[in-house]
Structures are given as structure tokens and as C-alpha cells.
Amino acid sequence: MAGGAREVLTLQLGHFAGFVGAHWWNQQDAAVCGPTDAKESPGELCPDVLYRTGRTLHGQETYTPRLILMDLKGSLSSLKQEGGLYRDRQLDAAIAWQGKLTTHKEELYPKNPYLHDYLSAEGVLSSDGLWRVKSIPNGKGPPPLTTATTPKPHIPTDGSIRVWSDFLRVHLHPRSICMIQKYNHDGEAGRLEAFGQGESILKEPRYLEELEDRLHFYVEECDYLQGFQILCDLHDGFSGVGAKATELLQDEYLGRGIITWGLLPGPYSLGEPQKNVYRLLNTAFGLVHLSAHSTLVCPLSLGGSLGLRPEPPVSFPHLHYDAALPFHCSAILATTLDTVTVPYRLRSSPVSMAHLADMLNFSGKKVVTAAAAIPFPLDSSQCLPDTLAQLGGATPWTPLSACGDPSETCCFAQSVVLRGLGKAYHTSQLTPGTPLPSPLHAGTTGEDILAQYLQQQQPRARSSSHVLLTPCKVAPPYPDLFSSSLSQQGLVLDGPPTGAAVESIPVLGALCSSSSLNQTLGDLARELTRLDLRRWASFMDAGVEQDDLEEMLQELHSLAQCYQGGDNLMD
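All figures in this text were calculated on a predicted structure; none of them were measured in a lab.

What to know about the overall build of the protein chain
Move 1: Assigned secondary structure in the protein chain consists of 14 helices and 17 strands.
Move 2: The proportion of buried residues among the 571 residues of the protein chain is 54%.
Move 3: For the protein chain, the computed accessible surface area is about 25,100 Å², with 51% contributed by carbon and sulfur atoms.

Some details on the pairing of strand S2 (residues 51–55)
Move 1: Pairing geometry for S2 and strand S3 (residues 61–65), over five bridges, is antiparallel. Bridge pairing in S3 places Tyr51 opposite Pro65.
Move 2: Hairpin connection of S2 to S3: five residues between the antiparallel strands, including Gly59 at a positive phi of 85 degrees.

A word on the sheet that holds strand S10 (residues 296–301)
Move 1: Pairing within the open sheet is parallel, and its six strands lie in the order S7-S4-S1-S8-S9-S10. In this open sheet, the two edge strands, each paired with only one partner strand, are strand S7 (177–184) and S10. Neighbour-to-neighbour, the strand axes of the sheet open up by a mean angle of 15 degrees, direction not taken into account.
Move 2: Alignment of strand S1 (residues 7–13) against strand S4 (residues 67–73), held across four bridges, turns out to be parallel. Bridge assignment links Leu13 to a residue of S4, and that residue is Met70.
Move 3: Relative to the sheet, helix H5 (residues 205–220) contacts S1, S4, S7 and strand S8 (225–233), its axis offset from that of S7 by approximately 165 degrees.

Observations regarding helix H11 (residues 446–457)
Move 1: Spanning twelve residues, H11 covers 17 Å between terminal C-alpha atoms, matching the ideal 16 Å at 1.5 Å per step.
Move 2: Looking at H11, one finds that the buried residues are Gly446, Ile449, Leu450, Tyr453 and Leu454. Along the axis of H11, the buried residues cluster in a sector spanning 130 degrees; they form a single face.
Move 3: Buried positions along H11 lie against helix H10 (384–391), strand S13 (411–419), strand S14 (462–468) and strand S17 (507–514).

Focus: the environment of Glu7
Move 1: As for its placement among the helices and strands, Glu7 is situated in strand S1.
Move 2: The exposure class of Glu7 is buried, given its relative accessible area of 7%.
Move 3: Distance in space between the C-alpha atoms of Glu7 and Cys46 is 9.7 Å, their sequence separation being 39 residues.
Move 4: Among all residues touching Glu7, those that are not within four sequence positions of it are Asp48, Val49, Arg66, Cys222, Asp223, Tyr224, Leu225, Gln226 and Gly227.

A short note on the sheet that holds S17
Move 1: The strand order S12-S11-S17-S13-S14 describes an open sheet built from five strands, whose pairing is mixed. Since the sheet does not close on itself, it has two edges, and those belong to strand S12 (398–399) and S14, each with one partner.
Move 2: Across seven bridges, the pairing between S13 and S14 is parallel. Across the sheet, residue Leu418 finds its bridge partner in S14, namely Val467.
Move 3: With respect to the sheet, H11 is in contact with S13, S14 and S17, its orientation differing from that of S14 by roughly 150 degrees.

Remarks on the confidence of the model for the protein chain
Move 1: Residues at a pLDDT of 70 or more form 83% of the protein chain, whose mean pLDDT is 85.
Move 2: Scored below 50 in pLDDT, residues 35–40 makes four contacts in the model with residues more than four places away or belonging to other chains.
Move 3: Of the regions scoring below 50 in pLDDT, residues 104–108 engages in one contact with residues more than four places distant in sequence or in other chains.

As for the environment of Arg169
Move 1: The topology assignment puts Arg169 in the loop between strand S6 (131–133) and S7.
Move 2: Separated by 146 residues in sequence, Arg169 and His23 have C-alpha atoms that sit 9.1 Å apart.
Move 3: Among the polar contacts made by the side chain of Arg169, one reaches the side chain of Asp29 at a distance of 3.2 Å.

Criteria and thresholds
Residues numbered from 1 in each chain as written. Predicted model: local features only at pLDDT ≥ 70, side-chain atom pairs only at ≥ 80, totals over all residues. Heavy atoms only, no water. Helix = DSSP H or I, 4+ residues; strand = E, 2+ residues; numbered from the N terminus. Buried < 20%, exposed > 50% of the residue type's maximum accessible area, 1.4 Å probe, protein only. Areas by Shrake-Rupley, 256 points an atom, 1.4 Å probe, with all protein chains shown as cover. Pairing = 2+ DSSP bridges. Axes fitted to C-alpha atoms, helices over the stretch in contact; angles between N-to-C directions. Contact = heavy atoms within 4.5 Å. Expected span 1.5 Å × (residues − 1). Arc of directions from axis to C-beta. pLDDT = per-residue confidence, 0-100. Polar contact = N/O pair within 3.5 Å; in protein donor to acceptor, adjacent residues only side chain to side chain.

Following this line, the structure appears as C-alpha cells:
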């Protein structure tokens, strides 16, 4: 559709998906709400792909995520299921019954101090019961805040974050949140632990109809829906919810892109055998079923392995994070998502979700791996060709799909995005006549230099690349994970630390159809084959038959065989 946004509907399924999603939407919000200038050209990314405009009952214009999220009872903390933007206390008070009333009031969760400060800056719930939101510049989000009139906001501490709603600073539409009341978020009883339990949720008319109603609400207002992006927990019963949700989307919206991000928190311990075996089974069932109904599936994890034996979490040269904190892990994965999803969110010449998937998933290779350099390690005194040439043959990014070291693997196809470097850093500034340190220094644009580098590293791979000026925003409530050796813009300082907080970073992100998946998926199938499932009858009792297990193992082996390395690109 010429001149219009190619809309995407996002689904978040599970509590860790909520953590990743909260950081994701905060980063989108930071990009949308940045200082605007009437003379400034539109940004490289089109926020209308992910956001929708609307109006409250009182005519206030809103700009909210095109989002459906599902989580369990007790997971929202102080966040209301219906949100706050469309609330009307005057309507709440219009009760037809004139007799005696008895009010039973549930004890409220205390609001996180960070959100209290944020909402105070965004607007106020006035005495007449109406939410007064500050004016929206250009119809896109709340206004930029200035230190001259706004006190310094409270920065959330790691210990103050219990659930994802504790740091979500984006207002949601009343049709966004869908709560699963039959399972509990907290406690040991009533947990959504197994794939079969998750599948059964969307077999119940109540939850199926609720999801379908919300899908129709968002889809019918789209002019050109390109597809769905799904953030889905793989480690628990939400893998089953995701399996049924993608099956529904494939049946009802044939031809639309369905890109599923399978999320795995970490770390895990050998001291919890049932939890580990359930995680292994849920992950395997999830990958097989999600790949059957999605156009593309990508597992995302900071762990070193999908198997039962724990591997150390991945490391980044300029990040210091705690792998035991979902608040930290989800921030890193959200930054990766914010980068690798760039192709189908571009304002100019976007690549549709379906075309991106087609480029990566030929010959049955519907599972891909993700990787990222966070931040991209550019020295403030150097340029892009300098940094890429110094890498030599080393892998330029950290693997983020729990598939081990990618250095000795074959890449069949890849989509790579580099963002956040100013144009002055794109090309070499050598004076005429100076010998070129590498062929990369002869490039005349950042796009050409990155494409040439990828061709050198993987000459037989099908490659697509994009270079953007727009960085990733990492202002609070993004956690402070960054080394003191970085500037405010995330560049590596060549002098002493300045003490200034990092506000944005350059990122190099990649999606790759890789031969590493042959071993990863094969090892997963072999571990499951060795399990004595009689010890874990409770998993099977949750709705999985022995025939289902055997069929899943066969399909997992077949999926692994798609990624056998070879000289032929199309093997």
C-alpha cells in the first residue's frame, strides 16, 4: 500500500515475554517521544507499524501499542487490566441499582515508585475522574520532558522490579491485556507448567473467543496488515499457548507473516530436576509446533545451551549484567529484537515480514538463530572499516539462541542490521594517497562496507543488510548495564571515563539460518530420547499422549536434518 504503514500486530504470551515486551515498548516509546522539530524529516523507522491511534470517551487522542498480551492471575501488580487511558469514573458511578450496596475491595498492590514519578510527568487523574494526558505532539505519544519543568525521575532499582508491569512506561489499550484466571503467577500450586496445559487453554471457548475478539478488533482497523510478531515463553506452559495461537493465526490469516520469538530466561540449576525436564520438553514441543505454524521461528536466550546440562550465560565485552535477573536479561533480548526487526519497520523501502522469512527459511529451514553486538564496539576515534577490519575472521557478535559458538558453522542465509553510527563514522577519512589498511577502507557508503564485510565472512551465504543512523535508546527504566568506558552515545572512549550515563547505543544484530541448528536440535532430540518419561508422568497427564511425544521427536530430527552443512547453499 503506497504511502501507508504496513501494520504489525504483536502478541506477548507469558511472563518473561512480558519482561521482554516491556523493555521493547519502552524503547519504542523513547524513540517516538524524542524531541521533535517541524523542519526535521521523519525518522527512519515508522512507529505506525507497531502503534495505533485512537480516542478516549472524552476525545483525548491516544497512541497505543497494537498489542495483545496474555499472562496469569497475579502477574499485573498495580497495573489495571483495562489500563488507565480510557477509564471514566463518572461512568463507573452510574449504577442502576438503587438498593443497599456492599463493596468488597481487593487489597491493591503498591505502585512502583518509578511508575508513580512517570505518570505524574505524563498527566493526572483529576477529581472529576478523567485522566488528563498532556498534549500529544504531532499525534505521536506524550511530549518530550524537559529538566527545566520536570524533576529528575526515580530510576528503578533491580530489587524493586517484581513483575514486568513495574517498569512498563507505556499506556496500553483496554483490549490489550488478556488474563488467564485458571492459573497462578505466584505460589507453588496452580501453575502453568506443561505444554499440554497451555494447549488446552485455547481449546476452552472462553479464552479462544476472547483472543479471537481481540484479534478481530485490531486486524479490522488495519489498512495493510503485513503480519504478526509473537513473543512467546518456551520454557513453560505458554509454549502450548503459543502453539495454538500460531495455529489459529495461520488458519484465519493465510498469507500473512507470522514471526515467533521463543523466549527462554536463565539461568537454570541441576538442583531442580522436574523444572529442567519440563523446560526441555516444553522447548522441544514449542519449537516443533511453532515452526509448523509460523513463517519464521527464532529462539532467544542468554544461556549457552538448550539442553539439560547448564552452560555459562553469554558475555558481552562492554556489558555487566546479572543472568539471574529477568529485568537484565530481558533488556538485552529486547535490544536485539529492536534491531533485527528493523527491516519490516522501515519507513522507506521496508522488507515485509513474509519476504524476510522467505529469504531466511528456504528448504524447510524455518528456525533461525539471533546474534548481536551490544553495543557495537566502535572506538570514538575510529570508523566502521577500522572496526570491521580489526575483527578479522572473528565472529562480530554474541550468539543469542543457545546454540553454542557459531564460529565454525556454515551460514545459509542472514539478515544483518547495523544501527546507531553517525555518517561521519561510516567511511574512512584517510587523506588521498594514503595506502588503504584493508579493502573495506575503499568503500564509499556504510551500506557497501557492511555488505562487503559480510561477503568476506560468509561468501556462500544469501545476505541482506541495512545500515541506520537511528540508535537504540537505553535511558531509564533500561537497567544500567554499561561499562564506564562508553560515551553517552555508546561509543568506546579513547580517553578516561566521563561519568555520563549511556543514553543510546549502536547495535549490530543478525538473524541467521545456520548449520549450528543441526547439532542444537539434534542434541535436544537425543536428550529427550534418553529420558525415562515414566518419572515425569505428570507432564504427560497434562494433555500429551505418547504418540504426540514420538511424533514430536521425529519432527525434531527432521528439522535438525534441514541444517546439515554442505557445499550447496540450498542443501
